[in-house]
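Here is how the chains run, residue by residue.
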Amino acid sequence: MAKLFSASFGVKIDEMTALCYLLWADDLVLFSESAQGLQDHLDKLYLYCSKWQLIVNNLKTKVLIFNKKKKSAAHNFTIGGTPIEIATKYKYLGSLFSTIKQGEETLTYITNSCSRALFKIRKYCRKLGQLPPPTALKLYDSLIAPLIDYASEIWYRKTIADSLERFHLKYLKRVLNPHQEIWGPVDPGNV
């Protein structure tokens, strides 16, 4: 793969380094600072896939254009002659990338994931009554914390981390308050 994509069309990190792609199992992300560079990468990818009889899933293939300008020039990208959708957000390996309001979109995505996990914990543990704090904390560490930690190196911003810390604090208050039933009425929006 390293020889397939040209570093000259990658995103420059410093004078000596350019990021051309990320590859994880069968997921690939291509980077370029120009429309022509990205199309060049897509053409090379198509030739590589054709040679090795691999198929690109056109339904999952999207282009995100990060641009400081409010409007970007109209671009048309194709892979093997098939047009590729230009999207405003895309989920990759548990992280949500968005061209608009990146922080808010990411926070909403992670908070919703955590709320769904908490809803499931409450649903399955409702019959048990008040759980001992060590058990409730272990459930959080096993089922909710991984949703927050996953790919945090990519999405981390202090405002997002502070909001997720408040989510954790509310959970701890419920666990450590012996007078409040931790698995009471479920409202995922009011964790």
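Bear in mind that the values here come from a model prediction, so they are computed numbers and not experimental data. (Residues numbered from 1 in each chain as written. Predicted model: local features only at pLDDT ≥ 70, side-chain atom pairs only at ≥ 80, totals over all residues. Heavy atoms only, no water.)

Quick notes on the overall build of the protein chain
A count of helical and extended segments in the protein chain gives five helices and nine strands. In sequence order, the secondary structure elements of the protein chain are arranged as β-β-β-β-α-β-β-β-β-β-α-α-α-α. Each of the 191 residues in the protein chain was classed as buried or not, and the buried ones make up 29%. Look at the contacts in the protein chain between residues 6 or more apart in sequence, and 54% of them connect residues 24 or more apart. (Helix = DSSP H or I, 4+ residues; strand = E, 2+ residues; numbered from the N terminus. Buried < 20%, exposed > 50% of the residue type's maximum accessible area, 1.4 Å probe, protein only. Contact = heavy atoms within 4.5 Å.)

Remarks on the pattern of salt bridges
Enumeration over the complete set of coordinates arrives at two salt bridges. Lys44 is the salt-bridge partner of Asp40, the closest N and O atoms lying 3.5 Å from each other. One end of the pair is Asp40 and the other is Lys44, both in helix H1 (residues 35-51) and four residues apart, which spans about a single turn. (Salt bridge = Lys/Arg side-chain N within 4 Å of Asp/Glu carboxyl O.)

Description of H1
End to end, H1 covers 24 Å across 17 residues, agreeing with the expected 24 Å (1.5 Å per residue, within 8%). Within H1 the residues assigned to the buried category are Gly37, Leu38, Gln39, Asp40, His41, Leu42, Leu45 and Cys49. Where H1 is buried, its residues meet strand E4 (27-30), strand E5 (62-64), strand E6 (77-79) and strand E7 (82-87). Gln53, located one to two residues past H1, shows a positive phi value of around 55 degrees. (Expected span 1.5 Å × (residues − 1).)

A few points about the environment of Ser98
Within the element layout of this structure, Ser98 appears in strand E9 (residues 95-98). For the pair Ser98 and Ala87, spaced 11 residues apart in sequence, the C-alpha separation works out to 8.6 Å. In this view, Ser98 contacts Phe66, Thr88, Lys89 and Glu105; residues no more than four positions away in its chain are not counted.

Notes on the pairing of E7
Bridge count for E5 against E7 is three bridges, and the pairing is parallel. When the sheet's bridge partners are listed, Val63 is paired in E7 with Ile86. Remark: two residues form the turn of the hairpin made by E6 and E7, two consecutive strands paired antiparallel; Gly80 in that turn has positive phi of roughly 60 degrees. (Pairing = 2+ DSSP bridges.)

So, the sheet that holds E5
Taken together, three strands build an open sheet; the order of strands is E5-E7-E6 and the sheet is mixed. On the outer flanks of this sheet lie E5 and E6, each paired with one strand and no other. Taken over all neighbouring pairs, the strand axes of this sheet differ in orientation by 45 degrees on average, direction set aside. As paired elements, E6 and E7 share three bridges and run antiparallel to each other. By the bridge assignment for E7, Phe77 is matched with Ile84. Taken strand by strand, H1 contacts E5, E6 and E7, and its axis lies near 10 degrees from that of E6. (Axes fitted to C-alpha atoms, helices over the stretch in contact; angles between N-to-C directions.)

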